[in-house]
Amino acid sequence: MSKISSCYIHIPFCDDICSYCDFCKIYKKSGHVKKYLQALKQEIKERYQGEVLKTLYIGGGTPSCLSLLELEQLFEILNILKKDRDIEYTIECNIESITLEKLKLFQKYGVNRISIGIQTVDEKSIERLNRHHTKQQVYETLKLVKESGFQNINVDLMYAFPWQTKKMFLSDLNFFLSLKVPHISTYSLILEEHTRFYNQQLTNIDEELEIWMYQTIMNVLKEHGYCHYEVSNFSCPGYESKHNLVYWNNETYYGFGLGASGYMNNCRYENTRSILKYQKGDYVLEEHVLTKREMMENECILGLRKMEGISKNKFFLQFHEKIEDIFPIQKLKEKGLLQEEHGFLKIPENKIYISNEILLEFID
Ligand code: SF4
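Structural notes, computed from the coordinates. (Residues numbered from 1 in each chain as written. Predicted model: local features only at pLDDT ≥ 70, side-chain atom pairs only at ≥ 80, totals over all residues. Heavy atoms only, no water.)

1. Quick word on the overall build of the protein
Right, on to step 1. For the protein, the count of helices and strands is 15 helices and 17 strands.
Right, on to step 2. Relative to the 2.2 N^0.38 estimate, which gives 21 Å for 364 residues, the radius of gyration of the protein is 21 Å and therefore close to what a compact globule would have.
Right, on to step 3. In terms of principal-axis extent, the alpha carbons of the protein reach across some 60 × 50 × 40 Å.
Right, on to step 4. Put simply, the protein has 364 residues, and 52% of those count as buried.
Right, on to step 5. Here the analysis covers contacts within the protein between residues at least 6 apart in sequence; of these, 70% occur between residues at least 24 apart.
Right, on to step 6. Taken as a whole, the protein presents about 17,400 Å² of accessible surface, with 49% of it coming from carbon and sulfur.
Right, on to step 7. Averaging the coordinates of the 45 positive side-chain charges in the protein and doing the same for the 50 negative ones gives two points 4 Å apart. (Helix = DSSP H or I, 4+ residues; strand = E, 2+ residues; numbered from the N terminus. Rg over C-alpha atoms; globule rule 2.2 N^0.38 Å. Buried < 20%, exposed > 50% of the residue type's maximum accessible area, 1.4 Å probe, protein only. Contact = heavy atoms within 4.5 Å. Areas by Shrake-Rupley, 256 points an atom, 1.4 Å probe, with all protein chains shown as cover. Lys, Arg positive; Asp, Glu negative; His and termini not counted. Charge placed at Lys NZ, Arg CZ, Asp CG, Glu CD.)

What follows is the structure, encoded as structure tokens:
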């Protein structure tokens with residue numbers, strides 16, 4: 001297995017909690033930041049083996065809700081990690097918490113990619129999601145980010161709100177296009193347990209409407225020059241997320257911080273979501289050493305998220321098995337649920353919206 005060259009850092013703090021969120025997050029005002037950063041430093045010191053990183057991703061939560069001083073402390077901690085000259089160094093930000101001073105600080109520490117949570121610019125939807133930006137603020141902040149010298153920018157677009165009409169959806173999509181950023185990640189709203197929306201007993205949007213929205217995203221973004229490289233991700237050429245490709249390529253990575261997960265030495269691990277345990281140094285909640293079968297399944301489940309699919313050759317080199325001998329490739333091909341192109345197996349574009357069902361059949 002290849003050497004680790006990627007690392008995810010979780011910063012769980014948020015100024016406010018979104019109605020749909022089931023991520024590992026904590027109110028910033030709970031006052032845990034200082035102790036959390038100390039614990040994060042300790043975890044990295046104990047577990048990091050000195051590898052040179054090619055991708056580093058600070059996610060959350062909302063990393064950008066930390067104060068300037070806290071961010072500086074975080075970056076100093078992350079200076080423990082060795083970084084390749086060409087590292088992709090990403091920080092997730094909420095549009096409301098981006099300031100010029102923070103952007104300058106990001107640059108001072110070598111951050112070169114910004115991923116911005118916007119989700120929607122429809123006023124009613126912003127309010128129901130319990131987010132607090134305005135359309136004007138998005139425009140102005142994006143301008144600031146670009147003028148500060150950041151080119152590698154992602155924005156998150158959410159759709160399939162239970163109340164969303166085609167008109168509302170198209171208006172959001174057009175607005176996102178007008179931002180002219182090189183990467184757009186799309187998410188359909190999922191009503192997860194333990195979220196405000198779940199407790200409000202909202203019902204999912206009509207399935208046909210959701211599929212129409214997804215297909216419209218695919219068609220419109222492609223017409224505007226974006227490459228659809230993963231089920232939910234679109235980028236201009238050369239702006240694919242290198243860090244997320246590590247996940248989809250089933251490669252190894254560190255995950256440090258509350259609730260973070262990682263993959264190393266054939267073992268997938270997940271850190272505790274209890275801030276008190278984490279601060280006591282009790283970082284890891286679960287470790288699972290994968291069997292060969294599980295590794296092969298992961299290679300396919302993750303790889304089939306990419307539009308290019310899985311390389312048959314890579315599979316053979318890695319596992320010394322032919323993929324056809326392990327999974328029902330022929331059967332899926334005959335049903336039109338899988339296709340082969342230049343030695344890669346992939347889900348046909350017109351079947352991507354049922355990819356979960358196909359994957360289940362794949363590993364059955
Ligand atoms: S900002 Fe992100 S992590 Fe925080 S509550 Fe909203 S969705 Fe969850």
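2. Considering helix H6 (residues 166-178)
Note on helix geometry: an α-helix contains 3.6 residues per turn, so any two residues three or four positions apart are oriented the same way.
Right, on to step 1. Under the 1.5 Å per step criterion, the end-to-end length of H6 is 18 Å for 13 residues, consistent within 8% with the ideal 18 Å.
Right, on to step 2. Listing the buried residues of H6 in full gives Met168, Phe169, Asp172, Leu173, Phe175, Phe176 and Leu177.
Right, on to step 3. Lining the buried residues of H6 we find strand S6 (113-119), helix H4 (123-129), helix H5 (135-147), strand S7 (152-159), strand S8 (183-188) and helix H8 (207-223).
Right, on to step 4. Just downstream of H6 lies Lys180, where phi reads positive at about 50°. (Expected span 1.5 Å × (residues − 1).)

3. Focus on the pattern of salt bridges
Side-chain pairs of opposite charge can arise where the charged atoms are in close proximity.
Right, on to step 1. All told, the structure shown has 15 salt bridges when counted by the stated rule.
Right, on to step 2. The residue Arg47 makes a salt bridge to Glu43 at a minimum N-O spacing of 2.4 Å. Residue Arg47 and its partner Glu43 are located together in helix H1 (residues 33-47), separated by four residues, close to a single helical turn.
Right, on to step 3. Exposure remark for Arg47: the relative accessible area of 17% places this residue in the buried category.
Right, on to step 4. Judged by relative accessible area, Glu43 falls into the buried class, the value being 0%.
Right, on to step 5. Between Glu230 and Arg305 there is a salt bridge, and its shortest N-O distance comes to 2.5 Å. (Salt bridge = Lys/Arg side-chain N within 4 Å of Asp/Glu carboxyl O.)

Shape descriptors only; they carry no functional weight alone.
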